[in-house]
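Spelled out, the chains give:
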Amino acid sequence: MIRIVSSLFAGLVFGLGLVISGMINPAKVQNFLDVAGTWDPSLALVMGAALVVAGVGYRLVLRRERPLFEASFQVPTLRTLDASLLGGAAIFGFGWGVGGFCPGPAITAAALGQTDVYLFLAAMFAGIAGYRWLAVSATPPR
């Protein structure tokens, strides 16, 4: 039960931060990305603050022997750039620029009743399903 409550609390804090920072407003995000036009640099401060908080958080948390509610840490081990990572980053960036949303803010916006996000979420879930289908069909049988 404590695991569920702590997850809910973390999600609520994250969602509140997205709302306060303006990340659920696609126009604000698109203006941040429009450096040659109506550039709004305020999200750079949000991203910079997030990097500082995450960096300090990782340093503190990874000093522990194990997480509070799991047997071990789930830390990425891949240290190289490959086509899958670069392609995924490009698709993510394209979707963020065109739609003005990325997954966290989109789900937060939908939960708050912002209806313009539903098309983005449908496309996101279709992309996830498409990737899973392609990954399964590309995996050689054992």
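Please refer to the structure higher up on the page.
Residues numbered from 1 in each chain as written. Predicted model: local features only at pLDDT ≥ 70, side-chain atom pairs only at ≥ 80, totals over all residues. Heavy atoms only, no water.

Caption draft 1: Expanded view of the overall build of the chain. When you go through the chain residue by residue, the secondary structure sums to six helices and zero strands. For the chain, the succession of helices and strands along the chain, N to C, is α-α-α-α-α-α. C-alpha atoms of the chain, sized along the principal axes, occupy 45 × 40 × 30 Å. Taken over 142 residues, the chain has a buried fraction of 17%. The long-range fraction of contacts in the chain, counting pairs at least 24 apart against all pairs at least 6 apart in sequence, stands at 44%. Accessible surface, the chain: about 10,800 Å² in total, of which carbon and sulfur atoms supply 72%. (Helix = DSSP H or I, 4+ residues; strand = E, 2+ residues; numbered from the N terminus. Buried < 20%, exposed > 50% of the residue type's maximum accessible area, 1.4 Å probe, protein only. Contact = heavy atoms within 4.5 Å. Areas by Shrake-Rupley, 256 points an atom, 1.4 Å probe, with all protein chains shown as cover.)

Caption draft 2: Looking closely at the packing of helix α2 (residues 26-33) against helix α4 (residues 83-99). Packing of α2 against α4 brings their axes to within 8 Å, and their N-to-C directions diverge by 115 degrees. In this structure, α2 contributes P26, V29, Q30, F32 and L33 to the contact, and α4 contributes W96, G97, V98 and G99. Across the contact of α2 with α4, the residue classes tally to six nonpolar, three polar and no charged. (Axes fitted to C-alpha atoms, helices over the stretch in contact; angles between N-to-C directions. Nonpolar A, V, L, I, M, F, W, Y, C, P; charged D, E, K, R; others polar.)

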